[in-house]
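Close look at the chain arrangement
So you can see what is in the structure, the chains are spelled out below.
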Amino acid sequence: GAQLLALSSSGAVKKSWLLPGSNGLGLDVDNVAPVLGDFNQDGTTDIAVAYQLSAISGDNPGLVTILDTHAPFNPAQLDWPMIFQNPRNSSVLLRTSASTLAVTLTSGANPAVVGDTLVFTATVTPAGNGSVQFLDGGEPISASIPLNNGSASFTTSALALGSHSITARYTGDNQRSGSASTALVETVSKGNTTVNVGLTAGSNPAVFGDSLTFTATVSPSSATGTVTFLDGSNPISDAVPLVSGSASLNIATLPIGTHAITAQYSGDATFNFGISAPLQQTVNSPKPTPVVSLALSAGTNPSVFGNSLTFTATVAPASATGIVVFFDGSVAISGNIPLSSGAATFVTSTLGGGTHTITAQYSGDATFNGSTSNALVQNVAKIATEVDLELSVNTTGFTAGTPLTFIANITPNAATGIVFFFDGDTQISQPVPVSNGSASFTTTTLAVGSHTITARYNGDANYAASQSQVHKLSIK
């Protein structure tokens, strides 16, 4: 039967096809006519072989065989009209319509920052079935993604630093040809950081020789790399590695004066270089410590509760300014008292009975350090009291079983505390609270006979204990 031969430039047969035996018809053929074209519109050259069949007549007296060479198509050639389609031929005979494919960035930014989430969407026109695969510079970055209503999306946060040529490739379907999009250039840049520096240990202003700790904080805290601390433009540290977004410098050698401390972040593979705003740190020259002396300048020691006492603190040298606070132990007993010609005075009459450790604390000023005086021990005695015991005026008889009310009056009447009533040495009452300088006790249990009644005041923090004279009575 007839054959179709593919010849090289030397005339050698590279490949041959038997016609029409490949189609299984077993018929004689006449007028074999091969034609080149892109019959399925896939961009490659097809060979269409048309021939008449001598044993067949009718409306379709011929046959066409299509062979795909997989070589680029020369558009100067024309399509060949199909006369007869044998179902044993491959699907390349289908005339698919052309499709176009476009890629857009539907979520995220361009340029983006390393680690940003980006969504790329490929859209096929006209909308069809099939799948899309996304590529970066020709290298696949996604699996095959089925189209949904003509589009497919791919989400990634793994694009590295630099420029990326994002394309999509469409497989085509039985109605539309495959296609590839033009490139979308996505740029991925380093992120910016925020750098802050603060004084986390020490004081501002400080004194020369003070230990100062400066801490730099880099945000986001995922940043790696190092921080270098500077005083003005002069580095005062080595490169200090970041740990959880922060780095610290401890220094005690800043000279006297004002210093603009900054923290300079190195940047890393993800984040850009950054530098903090300056922190103004003042370092003063060392200050002398004045002598603070404390004296009782009015009143006595020991004193009695309620006495007016005047304590005077003297700061030397007298040029010192600032304030003095007076303390009783650890408790402040005065407000802030300004120094006047190096002295401050505090007057009080409220020190309670007992021993008091009085000190004066000087605040310091721009020239002098703070200082505390030695302790002055002030003893304050309790006020003596008197107890006057009497029977209530309502008492009418001294017969056994008759209620008797005893009243103890304490002088001074500001005294608080309790009173016990006794018959001789025997306590006959529970403790009776003193109210407005008096305490009363009523009893019906005194036996027949003679009784010596007394009232004993126990005292309080500021008033001394005392006892009444004996009140004698006879019960019949």
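Residues numbered from 1 in each chain as written. Predicted model: local features only at pLDDT ≥ 70, side-chain atom pairs only at ≥ 80, totals over all residues. Heavy atoms only, no water.

Points about the overall build of the protein chain
The number of helices and strands found in the protein chain is 0 helices and 44 strands. For the protein chain, the proportion of its 476 residues judged to be buried stands at 39%. As displayed, the protein chain offers around 24400 Å² of accessible surface, 53% of which is attributable to carbon and sulfur atoms. (Helix = DSSP H or I, 4+ residues; strand = E, 2+ residues; numbered from the N terminus. Buried < 20%, exposed > 50% of the residue type's maximum accessible area, 1.4 Å probe, protein only. Areas by Shrake-Rupley, 256 points an atom, 1.4 Å probe, with all protein chains shown as cover.)

Describing the confidence of the model for the protein chain
Mean pLDDT over the protein chain: 87, with 82% of residues reaching 70 or higher. Per-residue pLDDT stays below 50 along residues 76-95; that stretch engages in 41 contacts with residues further than four places along the chain or on separate chains. (pLDDT = per-residue confidence, 0-100. Contact = heavy atoms within 4.5 Å.)

A few points about the sheet that holds strand β6 (residues 100-107)
Within the open sheet, the 3 strands sit side by side as β6-β8-β12. Their pairing is antiparallel. The open sheet has two free edges, formed respectively by β6 and β12 (151-156), since each of these has just one partner strand. On average, adjacent strands in this sheet sit at an angle of 20 degrees to one another, irrespective of strand direction. Where β6 lies against strand β8 (residues 118-125), 7 bridges are found, and the strand directions are antiparallel. Counted as the bridge partner of threonine 100 is threonine 125 from β8. (Pairing = 2+ DSSP bridges. Axes fitted to C-alpha atoms, helices over the stretch in contact; angles between N-to-C directions.)

Here we look at the sheet that holds strand β41 (residues 438-443)
Taken together, the 3 strands give an open sheet; going across it, the order is β36-β37-β41, and neighbouring strands pair in antiparallel fashion. On the outer flanks of this sheet lie β36 (386-391) and β41, each paired with one strand and no other. In this sheet, adjacent strand axes meet at a mean angle of 20 degrees when their direction is disregarded. Both strand β37 (residues 404-411) and β41 contribute to a ladder of 6 bridges, which runs antiparallel.

Considerations on the pairing of strand β42 (residues 449-457)
One ladder, built from 5 bridges, connects strand β38 (residues 418-423) with β42; its direction is antiparallel. Residue pairing across strands places phenylalanine 421 opposite alanine 455, the latter belonging to β42. Summarising the sheet, β42 and strand β44 (residues 471-475) pair through 5 bridges and their orientation is antiparallel. Pairing of serine 450 across the sheet is with serine 474, part of β44. Alignment of β42 against strand β43 (residues 466-467), held across 2 bridges, turns out to be antiparallel. Directly across from arginine 456, in β43, lies its bridge partner glutamine 467.

With respect to the packing of aromatic side chains
Taken as a whole, this structure holds 4 aromatic pairs when the rule is applied. Between phenylalanine 134 and phenylalanine 154, the ring centres sit 5.7 Å apart and the planes meet at 25 degrees, which makes this aromatic pair stacked. Placement of the pair is phenylalanine 134 in strand β9 (residues 131-136) and phenylalanine 154 in strand β12, with a sequence separation of 20 residues. Relative accessible area serves as the criterion here: at 13%, phenylalanine 154 is assigned to the buried category. Centre to centre, the rings of phenylalanine 305 and tyrosine 463 are 6.1 Å apart; their planes meet at 70 degrees, and the pair counts as edge-to-face. Of this pair, phenylalanine 305 sits in the loop between β27 (303-304) and β28 (309-316) while tyrosine 463 sits in the loop between β42 and β43, and the two are 158 residues apart along the sequence. Residue phenylalanine 305 shares its accessibility class with tyrosine 463, and that shared class is buried. (Phe/Tyr/Trp six-rings, centres within 6.5 Å; stacked < 30°, edge-to-face > 60°.)

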